[in-house]
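What follows is each chain in one-letter form.
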Amino acid sequence: MAEWARVTNTTIKRYIKGEEDAVKRNRKLIAMLEKKGRIKYNISGDQLDWKVRYRRATMSVNNGEQNIEFSRINRFKTANLDFEGYTVADSMTKREKLKNRGNEAIIKYWGQQIPMLMEDLRDAFAEEIYVDSSASGNSSRMSGIETMMAVDGTITVTSGAQRTANAADTTGSPNDTYAGLVTNLGNYTGSWDTQSDINTTWPFGAGSSGYDFWSPVVVSWSSSAFTGTTWAANAVESTRFAIDAVNTRNIGSDGQVDMVLLDNGLYRQYKDALDTKERILVDSSLELRSLGFKDVIAQDGVEISAEFGVPGATGYGWNLNCMEFCSMQDKIFNPEGPDWDPASRSWRVVVDVLGQFKFKSPRNFFKLVSLA
């Protein structure tokens, strides 16, 4: 309804000083990395480079009488990643600054440029941990967890052979390159024992360490080898399968899976599946809850929640002891400015992040997705 002319001509609008932030989101993974000291600072060098032990010495039978064969063993492969970076920037002209300096300023923008840029970069950066840097158009982005999660079909649940993705199989066949090393099973060395059913086919069963030292576990939550063929039916079972597959393959010094982060749709259905089960744990001792994240549950000793930015119908298992963010600077997000630019008659500010995510080995992580 239009106001009477005298009201619009004699009464000003009431402006509320300050601003309402409608863009903030919870970022559990970055918060947990910070809490556990998994952010490393002032990292230098041309690239990130680390040595990966992929094979062990072969044990031989010897009762003290036989001759011993001495031979050199090459135990290591080299993984390396380049550093990458991101920036956010803003500017303010001299004219705008003069206009915005007095009581007429609804938002004192000058003093808030850098804090807002810091929040903007932190929010966008949190989703880079899911990026596949080998995908088209991503060559200058950091290497997130999807960089190592590609598969070529599935592993036949009754034989261990690779085949075109089949709904009967529980696990994808790793087929990717991360930090210069390929994830394919048995690519470098090793073998797996007899594979005949869900309990003996990789990633379960037994085999040599070199066979899967660089291979993640990609579990098809829609597999008919579980109770049903939907996430609602298989949520608990497929998640347990993935947790056990990673944890039983790794030694104690590497730690075990700390948390599973699902996309919002999967997490809601996961909670529905657990509604009547005693394994639900909701208490303040959970690390995510101690950081202020209330919507967290636990299964088999692992914290499970949702994270904004997780790809749809997907979840990931994280071993925080086996991952780092390596920053080239003395902080994650580094502000610079404001600096005066005479040509544009403006002050310019920028916040950047320079570094790289480092996953000790793909074998310490898993992905939940429907493969067929």
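Residues numbered from 1 in each chain as written. Predicted model: local features only at pLDDT ≥ 70, side-chain atom pairs only at ≥ 80, totals over all residues. Heavy atoms only, no water.

Let's shift gears to the overall build of the protein. A tally of regular secondary structure across the protein gives 7 helices and 18 strands. Put simply, the protein has 372 residues, and 43% of those count as buried. Accessible area of the protein: about 19600 Å², with a carbon and sulfur share of 48%. (Helix = DSSP H or I, 4+ residues; strand = E, 2+ residues; numbered from the N terminus. Buried < 20%, exposed > 50% of the residue type's maximum accessible area, 1.4 Å probe, protein only. Areas by Shrake-Rupley, 256 points an atom, 1.4 Å probe, with all protein chains shown as cover.)

Moving on, we get to helix 6 (residues 264-274). Owing to its 3.6 residues per turn, the α-helix brings residues three or four apart onto one side. For helix 6, the set of buried residues is Leu266, Tyr267, Tyr270 and Leu274. Take helix 6 and look down its axis: the buried residues cluster within an arc of 100°, on one side only. Looking at the buried residues of helix 6, the elements they touch are helix 5 (231-247), strand 11 (259-262), strand 12 (297-299), strand 13 (302-306) and strand 14 (315-318). (Arc of directions from axis to C-beta. Contact = heavy atoms within 4.5 Å.)

Time to look at the packing of helix 5 against helix 6. Axis separation between helix 5 and helix 6 bottoms out at 9 Å; the angle between their running directions is 85°. In this view, helix 5 runs roughly perpendicular relative to helix 6, as classed from their interaxial angle. Contacts between helix 5 and helix 6 pair Trp231, Ala232, Ala235, Val236 and Thr239 from the former with Leu266, Gln269, Tyr270, Ala273 and Leu274 from the latter. A breakdown of the residues in the contact of helix 5 with helix 6 according to their chemical character gives 8 nonpolar, 2 polar and no charged. (Axes fitted to C-alpha atoms, helices over the stretch in contact; angles between N-to-C directions. Parallel < 35°, antiparallel > 145°, perpendicular 65-115°, else oblique. Nonpolar A, V, L, I, M, F, W, Y, C, P; charged D, E, K, R; others polar.)

Overall, mixed pairing links the 6 strands, which are arranged 10-18-14-11-13-12 in an open sheet. Across the chains shown, the open sheet's two edge strands, defined by having one partner strand only, are strand 10 (217-220) and strand 12. The average undirected angle you get between the axes of adjacent strands in this sheet is 25°. Strand direction decides the pairing type here: strand 11 and strand 13, joined by 4 bridges, are parallel. (Pairing = 2+ DSSP bridges.)

The next point concerns the environment of Gly210. Counting through the fold element by element, Gly210 comes out in the loop between strand 9 (181-182) and strand 10. Gly210 gets classed as buried once you look at its relative accessible area, which sits at 4%. Distance from Gly210 to Ser191, taken between C-alpha atoms, is 7.8 Å for residues 19 residues apart in sequence. Those residues in contact with Gly210, other than ones at most four positions away along the chain, are Tyr54 and Thr189.

Our next topic: the side chain of Ser346. Of note, Ser346 is situated in strand 17 (residues 346-359). For Ser346, a relative accessible area of 3% gives the class buried. With residues up to four places along the chain from it excluded, the contact list for Ser346 reads Ser91, Met92, Thr93, Lys94, Asp339, Trp340 and Asp341.

The next point concerns the environment of Val260. Relative to the assigned elements, Val260 resides in strand 11. Judged by its relative accessible area of 1%, Val260 is buried. Beyond its immediate stretch of four places on either side in the chain, Val260 contacts Thr239, Val302, Glu303, Ile304, Ser305, Tyr316, Gly317, Phe366 and Leu368.

What follows deals with the packing of aromatic side chains. Inspection of every chain in the model, using the stated rule, returns 22 aromatic pairs. Their ring planes at 20° and their centres at 5.4 Å tell us that Phe125 and Phe357 sit as a pair that is stacked. Of the two residues, Phe125 is situated in helix 4 (residues 113-125) and Phe357 in strand 17; the sequence distance between them amounts to 232 residues. Neither residue differs from the other here; Phe125 and Phe357 are each classed as buried. Their ring planes at 55° and their centres at 4.5 Å tell us that Trp340 and Trp347 sit as a pair that is tilted. Chaining the aromatic ring pairs together yields one cluster made of Trp50, Tyr54, Tyr130, Tyr178, Tyr188, Phe213, Trp214, Tyr316, Trp318, Phe359 and Phe365. A cation over a ring is seen here: Lys97 above Trp347, with NZ or CZ 5.4 Å from the ring centre. (Phe/Tyr/Trp six-rings, centres within 6.5 Å; stacked < 30°, edge-to-face > 60°. Lys NZ or Arg CZ within 6 Å of the ring centre and 35° of its normal.)

Glancing now at the pattern of salt bridges. Within the structure shown, the criterion is met by 17 salt bridges. The closest approach of N and O atoms between Glu34 and Arg122, which form a salt bridge, is 3.0 Å. Placement of the pair is Glu34 in helix 2 (residues 28-35) and Arg122 in helix 4, with a sequence separation of 88 residues. For Glu34, a relative accessible area of 34% puts it in the partly exposed group. Close ionic contact of Asp169 with Arg163 constitutes a salt bridge, the shortest N to O distance being 2.8 Å. Its relative accessible area of 28% is what places Arg163 among the partly exposed residues. Because the salt bridges share partners, they merge into one network encompassing Lys35, Lys36, Asp258 and Glu287. (Salt bridge = Lys/Arg side-chain N within 4 Å of Asp/Glu carboxyl O.)

With that settled, consider the sheet that holds strand 6 (residues 162-163). Strand order in the open sheet made by the 3 strands is 6-5-7, with antiparallel pairing throughout. This sheet does not close on itself; its edge strands, each paired only once, are strand 6 and strand 7 (172-174).

The axis of helix 5 is deflected most strongly, by about 30°, at Glu237. Among the residues of helix 5, those classed as buried are Trp231, Asn234, Ala235, Val236, Ser238, Thr239, Phe241, Ala242, Ile243, Ala245, Val246 and Asn247. Packing partners of the buried residues in helix 5 comprise strand 10, strand 11, helix 6, strand 12, strand 13 and strand 18 (366-369). (Bend = angle between axes of the 7 residues up to and from the residue.)

On to the nonpolar core. Of all hydrophobic cores here, the largest spans 55 residues; its most connected members are Phe125, Trp318 and Phe359. Contacts of Trp318, omitting those with residues within four sequence positions, involve Leu29, Ile129, Tyr130, Ile145, Val257, Asp258, Met259, Leu261, Met323, Phe359 and Phe365. Membership of the second largest hydrophobic core comes to 30 residues, among which are Trp192, Trp221, Val257 and Val260. (Core = buried A, V, L, I, M, F, W, Y, C linked by side-chain atoms within 4.5 Å.)

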